[in-house]
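Topology and contacts: notes
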Amino acid sequence: QVQLLESGGGLVQAGESLRLSCAVSGRFFIINLTGWYRQAPGKQRELVASIDSDGSTDYADSVKGRFTISRNNAKNTIDLQMNSLKPEDAAVYYCYARATIILGLTSDYWGQGTQVAVSS
């Protein structure tokens, strides 16, 4: 299976930047898709950004041009660079991975989340 551990959350002022990192560990055949989701109080969890094994990315409209998702295969991390943060970005951010553990077994995995707060 796969274990995901997020780090890098914190409190920043509007306009500042944060970089989140998700460390991936465990045994698996391949990571098919990874991404970052977020959930604000009283809101549904939403996709922020994703990146597949080919490097193709997808972003929520609200973060396009400000956030960048990347994979560092050497360090086994999934990173989210967040620039020009807005109060609306405040949420718990969760790392996500869809992995094939063995042939014929593909599952979804989630990290515990890291808090991002943005003051105005």
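In case you missed it, the structure is sitting above this.
Structural notes, computed from the coordinates. (Residues numbered from 1 in each chain as written. Predicted model: local features only at pLDDT ≥ 70, side-chain atom pairs only at ≥ 80, totals over all residues. Heavy atoms only, no water.)

A word on the overall build of the protein
Put simply, the rule reads: Under the scheme used here, helices are H or I runs from DSSP no shorter than 4 residues and strands are E runs no shorter than 2 residues, and both carry numbers assigned from the N terminus. Throughout, the radius of gyration refers to the C-alpha atoms, and the reference size of a globule is 2.2 Å times the residue count to the power 0.38. Residue exposure (1.4 Å probe, protein chains only): buried if accessible area is under 20% of the type maximum, exposed if over 50%, otherwise partly exposed.
Helices and strands together make up the secondary structure of the protein, namely zero helices and eleven strands. Tracing the protein from N to C terminus, the helices and strands come up as β-β-β-β-β-β-β-β-β-β-β. On C-alpha atoms alone, the protein measures out to a radius of gyration of 14 Å, which is about the 14 Å that the 2.2 N^0.38 rule sets for 120 residues. Dimensions of the protein, computed from the C-alpha atoms along their principal axes, are close to 50 × 25 × 25 Å. Counting the 120 residues in the protein, one finds 38% classified as buried.

Topic: the state of the cysteines
Note the following rule: Here, two cysteine sulfur atoms that lie within 2.5 Å of each other are counted as a disulfide.
Applying the stated rule across the entire model yields one disulfide. With a sulfur-sulfur separation of 2.1 Å, C22 is cross-linked through a disulfide to C95. Of note, the bridge from C22 to C95 carries an S-S torsion of about -85° and is left-handed in sense. Highlighted residues: C22 in strand β3 (residues 18-26) and C95 in strand β9 (residues 91-102), separated in sequence by 73 residues. We classify C95 as buried; its relative accessible area is 0%.

Some details on the pairing of β3
Filter applied, for reference: A strand pair is defined by DSSP finding two or more bridges across the two strands.
Direction of pairing for strand β1 (residues 2-7) relative to β3: antiparallel, over a ladder of six bridges. By the bridge assignment for β3, L5 is matched with A23. Where β3 and strand β8 (residues 77-82) come together, six bridges link them in antiparallel fashion. Each bridged residue has a counterpart across the sheet, and for A23 the counterpart in β8 is T77.

Let's talk about the side chain of T100
Heads up, the condition is: A 3.5 Å cut-off defines polar contacts: any pair of N or O atoms within that distance qualifies, except that in protein one atom must be a possible hydrogen donor and the other a possible acceptor, and neighbouring residues in sequence count only when both atoms are side-chain atoms.
If you trace the backbone, T100 turns up in strand β9. Side-chain polar atoms of T100 contact the side chain of T106, separated by 2.8 Å.

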